[in-house]
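Here are the chains, one letter per residue:
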Amino acid sequence: MDSPAANAAFAKQANINFPLLSDMNHKMLTSYGILKGYDVQNETYKWALRANIVIDKEGVIRLIEAGDSAVDPNTALTACSTLHKRETVK
């Protein structure tokens, strides 16, 4: 849900060196079912469930990790590294 600038600041702070998706229009969040809402006094507030989703160059989803365990981006980094090694061997 965050802007590209907010994602860049987060990536710098967390020492992440792979791309982070900015989905401010909530299209991907909705399609993956990770956009959540809660109602407070007749208003719905939306938030995104933290998720690491790794998609390879062919568009195949290789990893979906959602919830509390997705707070650590190293899981996605490990999956990307493993995927990169497999692609290099081909």
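Conventions and cut-offs
- Residues numbered from 1 in each chain as written.
- Predicted model: local features only at pLDDT ≥ 70, side-chain atom pairs only at ≥ 80, totals over all residues.
- Heavy atoms only, no water.
- Helix = DSSP H or I, 4+ residues; strand = E, 2+ residues; numbered from the N terminus.
- Buried < 20%, exposed > 50% of the residue type's maximum accessible area, 1.4 Å probe, protein only.
- Lys, Arg positive; Asp, Glu negative; His and termini not counted.
- Salt bridge = Lys/Arg side-chain N within 4 Å of Asp/Glu carboxyl O.
- Polar contact = N/O pair within 3.5 Å; in protein donor to acceptor, adjacent residues only side chain to side chain.
- Phe/Tyr/Trp six-rings, centres within 6.5 Å; stacked < 30°, edge-to-face > 60°.
- Patch = residues over 30% accessible without salt bridge, like charges linked within 9 Å, V, L, I, M, F, W, Y side chains within 5 Å.
- Areas by Shrake-Rupley, 256 points an atom, 1.4 Å probe, with all protein chains shown as cover.
- pLDDT = per-residue confidence, 0-100.
- Pairing = 2+ DSSP bridges.

Before we move on, can you summarise the environment of Ala-6 with the specific residues and values?
Position of Ala-6 among the secondary structure elements: in helix α1 (residues 4–14). For Ala-6, a relative accessible area of 32% gives the class partly exposed. Separated by 16 residues in sequence, Ala-6 and Ser-22 have C-alpha atoms that sit 8.8 Å apart.

Tell me about the side chain of Asp-23, and name the residues and values.
When you line up the elements, Asp-23 lands in the loop between α1 and α2 (27–31). One buried charged side chain, Asp-23, makes no salt bridge at all; its nearest oppositely charged neighbour is Lys-27, positioned 8.2 Å away. Here the side chain of Asp-23 touches Leu-29 through a polar contact of 2.7 Å, landing on its backbone nitrogen.

Account for the packing of aromatic side chains, naming residues and giving values.
As enumerated under the stated definition, the model contains one aromatic pair in all. A ring pair is formed by Tyr-38 and Tyr-45, whose centres lie 5.7 Å apart and whose planes are at 25 degrees; its orientation type is stacked.

So, a nonpolar patch on the surface: which residues are in play, and what are the values?
Residues Tyr-38, Val-40, Tyr-45 and Trp-47 make up a contiguous nonpolar surface patch of about 380 Å² in total accessible area. Elements supplying a minimum of two residues to the nonpolar patch: β1 (35–40) and β2 (43–48). Here Tyr-45 lies in strand β2. On the basis of relative accessibility, which here comes to 37%, the residue Tyr-45 falls in the partly exposed class.

Help me get a handle on the confidence of the model for the chain, residues and values and all.
Chain-level statistics for the chain give a pLDDT mean of 81 and a share of 89% at 70 or above. When mean pLDDT is taken per element in the chain, α1 scores highest with 91 and helix α3 (residues 74–89) scores lowest with 66.

So what about the pairing of β2? Which residues, and what values?
Pairing between β1 and β2: six bridges, direction antiparallel. The residue bridging Leu-35 from the neighbouring strand is Ala-48, located in β2. The hairpin turn running from β1 into β2, its antiparallel successor, is two residues long, and Gln-41 in that turn takes a positive phi close to 45 degrees.

An account of unusual backbone geometry is requested, with residue identities and associated values reported.
Even without glycine at this site, His-26 takes up a positive phi of about 70 degrees. Counting through the fold element by element, His-26 comes out in the loop between α1 and α2. Overall, the relative accessible area of 19% leaves His-26 in the buried class. Of note in this structure, Asn-42 is not a glycine but carries a positive phi near 65 degrees. As for its placement among the helices and strands, Asn-42 is situated in the loop between β1 and β2. You can call Asn-42 exposed: its relative accessible area is 84%.

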